[in-house]
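Working through the structure, step by step
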Amino acid sequence: MLSSPLGNVLGKPPLGFLPLDPVGSDLSEKFPTSTLRNSRLDSRSLLDSRSSSPSDSDTSGFSSGSDHLSDLISSLRISPPLPFLPIGGVSRDPLKMGVGSRLDQDQAALAAVTSSSASASKRWPGASVWPSWDLLDSPEDPFSIEREARLHRQAAAVNEATCTWSGQLPPRNYKNPVYSCKVFLGGVPWDITEAGLINTFRVFGSLSVEWPGKDGKHPRCPPKGYVYLVFESEKSVRALLQACSQDLLSPDGLSEYYFKMSSRRMRCKEVQVIPWVLADSNFVRSPSQRLDPSKTVFVGALHGMLNAEALAAVMYDLFGGVVYAGIDTDKHKYPIGSGRVTFNNQRSYLKAVTAAFVEIKTTKFTKKVQIDPYLEDSMCQVCSAQPGPFFCRDQICFKYFCRSCWHWQHSMELLRHHRPLMRNQKNRDSS
């Protein structure tokens, strides 16, 4: 079961965020210290944990396999990136600009970006109008809160990045690495079968196959070009890697592993094997620093080559103040395509939430990731009487809502374009 290291440490829901004045006032006045420090945890509780998250568990991105994605992706509408970044989504390279200078520019743009709802409507012509009150409880309501929250999980696929990081990832030096028992197998033959995979790799030990996207009604259908092998022992993974040919990737210190396999119609097909080192799941920059869930963001659509240390380096270059980064993993301790980053100050946290979509460019890949507030179980911060499963990430609201209070507050014209976030129930219930 995917555990939630930031959410399950506290016995009570966190205190609410105070709403941010849309004309742009000082952050320290709107987020008093007593409010921001109400929820804390010890960093040691995160080191061996896995987190549930508001994103699909397979890839946390476009390929997450949402049943409704193909039908609904064109109608995706989310709240615009929040008003700490300059208008126009100008890409900024952190290698050329200092974090301090960007913060000053972002804060100066706050009033201009949020001064009126008219400007937001012009920048986001796709913002929809909520249905009338008699449709709010209809199960066929096309603008239901749950539907909008599910669509937001795929938002990185259809939204432009607001800023860009480019550079070299931190080098990796492993002395005695311990691997997950699960490995990624990419570029498999198009006609391969599950029996063929097991027959090929069982020489390394007992295993099972996880085949994303495979139709159970048609067991012979080809995969999407990749599968996961789950061995019973970590020693089997080591044996497999020793049988692979290696392509050393410099200067990151990574090795690409390749294994030759055959199917009925393809001979000696070279497939890529991608293991996961367990130590790459967590990175703590300041071991003595207590981690605050209210200063933690969820990062979705991560590339598989991005480990916790690399994620921390990217977020630190862009926003500063990073004290912890973690990669979310499944029950086999293999990455699921999402992670968490905790900051030591509210300004860095809000800058990250404001960015919303960040493009990461390296010599080996370019990937656009999605940043959202880390969600916890909370009561509605409007009525304080019902659970608040819906979170509004727009800084005019920036709080948890129950269903009734969401519809009540967002019936106002100024707030109708806001879109909800929800914790992913699929991830929370999976085992």
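Here the structure is a predicted model, which means the values were calculated and not measured.

Val-297, Leu-311, Met-315, Phe-319, Val-341 and Val-358 are the most contacted members of the largest nonpolar core, which has 41 residues in total. Counting residues in hydrophobic clusters, the runner-up holds 24 residues, among them Tyr-179, Leu-207, Val-209 and Met-261.

On to the side chain of Thr-296. Structurally, Thr-296 is set in strand β9 (residues 296–300). Overall, the relative accessible area of 0% leaves Thr-296 in the buried class. Within the local environment of Thr-296, its side chain forms a polar contact with the side chain of Thr-342, the two groups lying 2.8 Å apart.

Before going further, it helps to examine the packing of aromatic side chains. Taken as a whole and assessed by the stated rule, the structure comprises 11 aromatic pairs. Considering the side-chain rings of Phe-391 and Tyr-400, the 4.8 Å spacing of their centres and the 65° angle between planes classify their relative orientation as edge-to-face. Judged on exposure class, the residue Phe-391 and its partner Tyr-400 are both buried. Between Phe-401 and Trp-406, the aromatic rings sit 5.4 Å apart at their centres with planes inclined by 85°, giving edge-to-face as the arrangement. Residue Phe-401 shares its accessibility class with Trp-406, and that shared class is buried.

Here we have 3 strands laid out as an open sheet, ordered β15-β14-β16, and antiparallel in their pairing. Of all strands in the sheet, those with a lone pairing partner are β15 (399–401) and β16 (420–421), marking the two edges. Pairing of strand β14 (residues 390–392) with β16 involves 2 bridges; the strand directions are antiparallel. Paired with Cys-392 across the two strands is Pro-420, which belongs to β16.

All right, on to the environment of Gln-246 then. Its location among the elements puts Gln-246 in strand β5 (residues 245–249). Taking the C-alpha atoms as reference points, Gln-246 and Tyr-257, separated by 11 residues in sequence, lie 4.8 Å from one another.

What counts and what doesn't
- Residues numbered from 1 in each chain as written.
- Predicted model: local features only at pLDDT ≥ 70, side-chain atom pairs only at ≥ 80, totals over all residues.
- Heavy atoms only, no water.
- Core = buried A, V, L, I, M, F, W, Y, C linked by side-chain atoms within 4.5 Å.
- Buried < 20%, exposed > 50% of the residue type's maximum accessible area, 1.4 Å probe, protein only.
- Helix = DSSP H or I, 4+ residues; strand = E, 2+ residues; numbered from the N terminus.
- Polar contact = N/O pair within 3.5 Å; in protein donor to acceptor, adjacent residues only side chain to side chain.
- Phe/Tyr/Trp six-rings, centres within 6.5 Å; stacked < 30°, edge-to-face > 60°.
- Pairing = 2+ DSSP bridges.

Just distances and angles here, no functional claims.
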